[in-house]
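# Examination of the molecular architecture
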Amino acid sequence: MLDDRSYMKSSPLERRPVTVTLLISLVVVYIIQTCLVLYGWDRLPELFGLSLSGIKANRFWQIITFQFLHEAPLPFHLLFNCLGLYFFGR
């Protein structure tokens, strides 16, 4: 009913919302992290988790990357983070 109005039509160049992009990236990083943990490589928190020793070692990317790490094989942390981001991120 509203699609017949020119200002209500979606443009072909319309991008995906930032919230959806963050949700997709959280799930992809979680899958990669889970695969690495299940195969025995557990250095992700050391390299990408925020710590004082990491900042002293000039790992400044940890200020951003720690937000994407989750408790690897258990999905509850990811689930509740994604739920909160979905509800409050919009």
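The rules behind these values
- Residues numbered from 1 in each chain as written.
- Predicted model: local features only at pLDDT ≥ 70, side-chain atom pairs only at ≥ 80, totals over all residues.
- Heavy atoms only, no water.
- Core = buried A, V, L, I, M, F, W, Y, C linked by side-chain atoms within 4.5 Å.
- Buried < 20%, exposed > 50% of the residue type's maximum accessible area, 1.4 Å probe, protein only.
- Helix = DSSP H or I, 4+ residues; strand = E, 2+ residues; numbered from the N terminus.
- Contact = heavy atoms within 4.5 Å.
- Expected span 1.5 Å × (residues − 1).
- Arc of directions from axis to C-beta.

### Things to note about the nonpolar core
- In terms of nonpolar packing, the biggest core is built from five residues, these being L23, L26, Y30, L78 and C82.
- Among the secondary structure elements, those contributing two or more residues to this core are α1 (18-38) and α5 (76-88).
- Of the residues forming this core, the biggest block, three residues, is contributed by α1.
- Apart from the residues within four sequence positions on either side, C82 is in contact with L23 and L26.

### Structural notes on α1
- The end-to-end C-alpha separation of α1 is 30 Å, in line with the 30 Å expected for 21 residues at 1.5 Å each.
- Of all the residues in α1, the buried ones are T19, L23, L26, Y30, Q33 and T34. In an axial view of α1, the angular spread of the buried residues amounts to 100°, which keeps them on one side of the axis.
- Looking at the buried positions of α1, the neighbouring elements they touch are α2 (44-48) and α5.

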